[in-house]
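What follows is the residue order along each chain.
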Amino acid sequence: YPESVLTNDPGMVPFNTVYMANAITPESPAEQVQQMQEMLPLGLWVGEDDEVFLPDKVAAFGEHGGGTVVPKQTHLGILVNAHKLLGPWILNHLT
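The structure reproduced in this document is the subject of the present report. Keep in mind the model is a prediction, meaning the values are calculated, not measured.

## What about the side chain of D50?
Item 1. By the secondary structure assignment, D50 is in the loop between β1 (45-47) and α4 (55-59).
Item 2. The charged side chain of D50 is buried without a salt bridge, its nearest counter-charge being K57 at 14 Å.
Item 3. A distance of 2.8 Å separates a polar atom in the side chain of D50 from a polar atom in the side chain of H75.
Item 4. Contact partners of D50, with chain neighbours within four places excluded, come to P55, Q73, T74 and H75.

Shown next as structure tokens:
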């Protein structure tokens, strides 16, 4: 998260533990993403400065290869303004 968020909220965790990462790591990402896309539209955003994932590879999993790499965002930092990304996408897919 950005330093201002960490400073203003002492309850924020500035990193993922190995256990957290293992718990959310897919076993077969390509197959699992394909299954999700067959059921519902799938939006996918990844930070350009993500410290955990390779942004271009993650974005390739997005809806028909159209995931979004968000400039100047890190793995957790992207969550601070996620509503600005998800809101318009959801509204666009409601029609």
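So, next bit.
## Examining the packing of aromatic side chains
Item 1. Summed over all chains, the structure comprises one aromatic pair.
Item 2. When the ring of W45 is compared with that of W89, the centres are 5.8 Å apart and the planes differ by 85 degrees; the resulting orientation is edge-to-face. Here the residue W45 occupies a position in strand β1, and W89 occupies one in helix α5 (residues 82-93), the gap between them amounting to 44 residues.

## Topic: the environment of A59
Item 1. Within the secondary structure, A59 is located in helix α4.
Item 2. Looking at A59, the relative accessible area reads 8%, which means it is buried.
Item 3. Along the primary structure A59 and V18 are separated by 41 residues, whereas in three dimensions their C-alpha atoms are 23 Å apart.

## Description of unusual backbone geometry
Item 1. Of note in this structure, K72 is not a glycine but carries a positive phi near 60 degrees.
Item 2. Here K72 is to be found in the loop between β2 (68-70) and α5.

## Here's the deal with a nonpolar patch on the surface
Item 1. Where nonpolar side chains cluster on the molecular surface, the patch consists of L86, I90, L91 and L94 and spans about 400 Å² of accessible area.
Item 2. By the secondary structure assignment, L91 is in helix α5.
Item 3. A residue is classified by how much of its surface remains accessible, and L91, at 59% relative accessible area, is exposed.

## Notes on the side chain of Q73
Item 1. Relative to the helices and strands, Q73 is located in the loop between β2 and α5.
Item 2. At 3.4 Å, the side chain of Q73 forms a polar contact with the backbone nitrogen of I78.
Item 3. Ignoring any residue separated from it by four or fewer positions in sequence, one finds Q73 in contact with G47, E48, D49, D50 and I78.

## A closer look at the environment of G77
Item 1. Checked against the element boundaries, G77 lands in the loop between β2 and α5.
Item 2. For G77, a relative accessible area of 4% gives the class buried.
Item 3. Distance in space between the C-alpha atoms of G77 and V5 is 9.1 Å, their sequence separation being 72 residues.
Item 4. Once residues within four sequence positions are removed from consideration, G77 is found in contact with Y1 and P2.

What counts and what doesn't
- Residues numbered from 1 in each chain as written.
- Predicted model: local features only at pLDDT ≥ 70, side-chain atom pairs only at ≥ 80, totals over all residues.
- Heavy atoms only, no water.
- Helix = DSSP H or I, 4+ residues; strand = E, 2+ residues; numbered from the N terminus.
- Buried < 20%, exposed > 50% of the residue type's maximum accessible area, 1.4 Å probe, protein only.
- Lys, Arg positive; Asp, Glu negative; His and termini not counted.
- Salt bridge = Lys/Arg side-chain N within 4 Å of Asp/Glu carboxyl O.
- Polar contact = N/O pair within 3.5 Å; in protein donor to acceptor, adjacent residues only side chain to side chain.
- Contact = heavy atoms within 4.5 Å.
- Phe/Tyr/Trp six-rings, centres within 6.5 Å; stacked < 30°, edge-to-face > 60°.
- Patch = residues over 30% accessible without salt bridge, like charges linked within 9 Å, V, L, I, M, F, W, Y side chains within 5 Å.
- Areas by Shrake-Rupley, 256 points an atom, 1.4 Å probe, with all protein chains shown as cover.

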